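Structure assessment
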Amino acid sequence: MVKVELNNVDVDYPVHTRASRRFLGKSETPSVGGYVVTEGQLTVRALENISLSLKPGDRLGLLGRNGAGKTTLLKTIAGILPPVAGTICVEGRISPLTSILLGLDGESTGYENIGIRGRLMGMSEADIREATPEIAEFTELGDFLHLPIKTYSSGMRMRLSFATSTAFQPDVLLLDEWLGTGDIVFREKAAKRLRKLIFESGIFVFASHSRDMHQRLSNKGAVIDKGRMVFFGDIEDAFRVQDEINETDKP
Amino acid sequence: MKGTSETNLPQRYFYDASRSNLSHALKDLAEGLGRFRLLSGMAVRNFRNQYKGAILGPFWLTITTAMTAAGLGVLYGQLFGLPLSEHLTYVTTAIIVWTMISAFITGGCDVFVGNSHIFKEFPLPLSLFAYRLVLSQILIVFFRLIVLAVLLVIFPISFTQAAWLALPGFLLLLWIGFWGALGLGVLNARYRDFGQLVAASLTFIFFVTPIFWLPGRLGPYSFVVDFNPFYHMIEVVRGPLLGHDNITMNFIVTGSIAAGVPFVSLFLFGRWSNRLPYWC
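Residues numbered from 1 in each chain as written. Chains lettered and ligands numbered in written order. Predicted model: local features only at pLDDT ≥ 70, side-chain atom pairs only at ≥ 80, totals over all residues.

Looking only at helices and strands, chain B has 11 helices and one strand in total. Along chain B, helices (α) and strands (β) appear in the sequence β-α-α-α-α-α-α-α-α-α-α-α when read from the amino end. What you see for chain B is a C-alpha radius of gyration of 21 Å, in line with the 19 Å of a compact globule of 280 residues. When the 280 residues of chain B are sorted by exposure, 39% land in the buried category. Restricting the contact set of chain B to residue pairs at least 6 apart, pairs at least 24 apart contribute 78%. (Helix = DSSP H or I, 4+ residues; strand = E, 2+ residues; numbered from the N terminus. Rg over C-alpha atoms; globule rule 2.2 N^0.38 Å. Buried ≥ 20, exposed ≤ 12 C-beta atoms within 10 Å, placed from the backbone. Contact = placed C-beta atoms within 7 Å.)

Below, the structure is given as structure tokens:
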């Protein structure tokens, strides 16, 4: 069964470059970012003691200020960042819809890039073959798909990467901010496609600063503040908790 | 839209930070190989794009090799008073093998640092980049071997049965290259001085290894080259091909390296592969 489970997860970013410790810890702790640990190896504690259990049907919205750890949490769930403490267990196929332009090759044609991106996402050759006509149609790029994508405008490139990245249904979908792409006509079409992908995935985790988006897509909410999960529950309650934190943070 | 049926993706991700990273690293090595279509595509595109717009394309590799080998072969053949027909082949073979070894060393140092923009954004087995390096080197060596092939047509030599041993010799080098890259990649990710040190050493190694000179020229000191592992690694290909004596020793040394390097690299990668996204 599809699930996402994190137990007491800590994520540290070590600072190996020569940062001057002299200046650290002198001023008041900022309300953005994680905690800076100056004892021993200089590190930024990006996530601390995160426990989380998601079951099918959960669509979790991550709330928090800049540097609170939303993206780090997404990358931790995705398996990109192994934590220094705790356990992670994800059952089901994960697909992070972050950096959807990654892997595209300017010298290759649109059609070739559908395969390139599909393979990066772990699709089999049969999957890619089967999905290609539908992707091609969705992009509306027609003959351009036979040309190297370096001839594309950035909007056309986005169409291609968006259509390909959203063509395969994952069990666990991770999204870092809404993917707004293309012109008005395409934007609407893309939104519909992305919503379908989200609502057909087992578990959805979504980092965004847009409450409007959270209200439409998330049914649960987690508030992350300086790497700690201070609230987990109903999305509307999460908004309230976040408001309270922001109120106390005000100078 | 395609369902979740048959894919190459693992259906499960489990990570326990309190347990040793080794099993995680071993799984990474298996999964990396499982993504062969992805990594071969990356290798081929990378290779192709490097020569885009050049009319001669990858044949520039052939030309570069030919020029270096001709220069060194003719010059040192004269200096040492050796027949051109023999010395050219001798130098060319070594140049081809040495450029591959040195490319494995520099590419190995860069295997994680140079690809971090990919694996820090998308979950991929990290070993994939080491496999890709091996494939790239195979592609490159093919174009370099053309020089040797042409040379053997101009100055034919009579191959012995032992010449076939050059093939396993070459495979041994690829094996060492893969594991070496994995280990060097981890070291250089943590301490970038490592890549600098290695780059600085390569020219030195090139001159002290019998690539364009004969070990016999050292007279009573010719035993010194036996302590140079790069000499043995070159000889496992050049020795059998050109019918040198005593290739047993070369194969024993290179074989030992091939047996030992995986342990060292497995230790490094097994212990610290989970830190690579943070170090790069």
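So that's the structure; there's more coming.
Moving on: helix H8 (residues 193-208) of chain B. The end-to-end C-alpha distance of H8 of chain B, which contains 16 residues, comes to 23 Å, matching closely the 22 Å that a straight helix rising 1.5 Å per residue would cover. In the structure, H8 of chain B departs most strongly from a straight axis at Leu 202 of chain B, where the bend amounts to approximately 30 degrees. (Expected span 1.5 Å × (residues − 1). Bend = angle between axes of the 7 residues up to and from the residue.)

Right, let's get into the interface of chain B and chain A. Facing 30 residues of chain B, the contacting portion of chain A comprises 42 residues. Counted by class, the side of chain B that touches chain A contains 13 nonpolar, eight polar and nine charged residues. Pairing analysis gives five bridges linking strand E5 (residues 85-91) of chain A to strand E1 (residues 12-16) of chain B, with the strands arranged antiparallel. Across the sheet, Cys 89 of chain A pairs through a bridge with Phe 14 of chain B, a residue of E1 of chain B. (Nonpolar A, V, L, I, M, F, W, Y, C, P; charged D, E, K, R; others polar. Pairing = 2+ DSSP bridges.)

With that settled, consider the pairing of strand E3 (residues 43-54) of chain A. All names here are of chain A. Pairing of strand E1 (residues 3-14) with E3, which is carried by eight bridges, proceeds in the antiparallel orientation. The residue of E3 that forms the bridge with Glu 5 is Ser 53. As defined by bridge partners, strand E2 (residues 35-37) adjoins E3 across three bridges and the pair is classed as antiparallel. Opposite Val 37, over in E3, you have Thr 43 as the bridge partner. With antiparallel pairing between neighbouring strands as the criterion, E2 and E3 make up a hairpin whose turn holds five residues, including Gly 40 at a positive phi of roughly 65 degrees.

All names here are of chain B. Within the secondary structure, Asn 228 sits in the loop between H8 and helix H9 (229-242). Given 16 C-beta atoms within 10 Å, Asn 228 falls into the partly exposed group. When the C-alpha atoms of Asn 228 and Ile 211 are compared, they prove to be 12 Å apart, with 17 residues separating the residues in sequence. Ignoring sequence-local partners within four residues, the contact set of Asn 228 consists of Val 208 and Thr 209.

Residues and elements named next belong to chain B. Relative to the elements of secondary structure, Phe 47 occurs in helix H2 (residues 36-50). By the C-beta count within 10 Å, which is 17 here, Phe 47 ends up partly exposed. Residues Phe 47 and Phe 36 lie 11 residues apart in sequence; the distance between their C-alpha atoms is 16 Å. Every residue in contact with Phe 47, bar those within four places of it in the chain, is listed here: Pro 58, Ser 136 and Leu 139.

Once that is clear, we can look at the packing of helix H6 (residues 128-154) of chain B against helix H7 (residues 166-190) of chain B. All names here are of chain B. Following both chains from N to C, one finds H6 and H7 inclined at 140 degrees, their axes separated by 9 Å at the closest point. The pairing of H6 with H7 is recorded here as oblique in orientation. For the pair H6 and H7, the crossing hand works out as right-handed. In this structure, H6 contributes Ala 130, Leu 133, Val 134 and Gln 137 to the contact, and H7 contributes Leu 174, Gly 177, Phe 178, Ala 181, Leu 182 and Gly 185. Along the lines of polarity and charge, the residues of the contact of H6 with H7 split into seven nonpolar, three polar and no charged. (Axes fitted to C-alpha atoms, helices over the stretch in contact; angles between N-to-C directions. Parallel < 35°, antiparallel > 145°, perpendicular 65-115°, else oblique. Left-handed = near helix turned anticlockwise from the far one by under 90°.)

With that out of the way, let us pick up the confidence of the model for chain B. Regions with low pLDDT carry predicted coordinates that are not meant to be interpreted in detail. Residues and elements named next belong to chain B. Across chain B, the average pLDDT comes to 92, with 97% of residues at 70 or higher. This model gives residues 1-6 a pLDDT under 50, and the stretch forms 15 contacts once residues within four places in sequence are excluded. Interface confidence for the predicted complex, expressed as ipTM, amounts to 0.89; the pTM equals 0.92. (pLDDT = per-residue confidence, 0-100.)

What follows concerns unusual backbone geometry. The residue Lys 226 of chain A is not glycine, and still its phi comes out positive at about 50 degrees. Mapped onto the secondary structure, Lys 226 of chain A falls in the loop between strand E9 (220-225) and strand E10 (228-234). Classification of Lys 226 of chain A as buried rests on a count of 22 C-beta atoms within 10 Å. The phi torsion at Asn 246 of chain B lies on the positive side, around 60 degrees, for a residue other than glycine. Looking at where Asn 246 of chain B falls in the secondary structure, it is placed in the loop between H9 and helix H10 (247-272).

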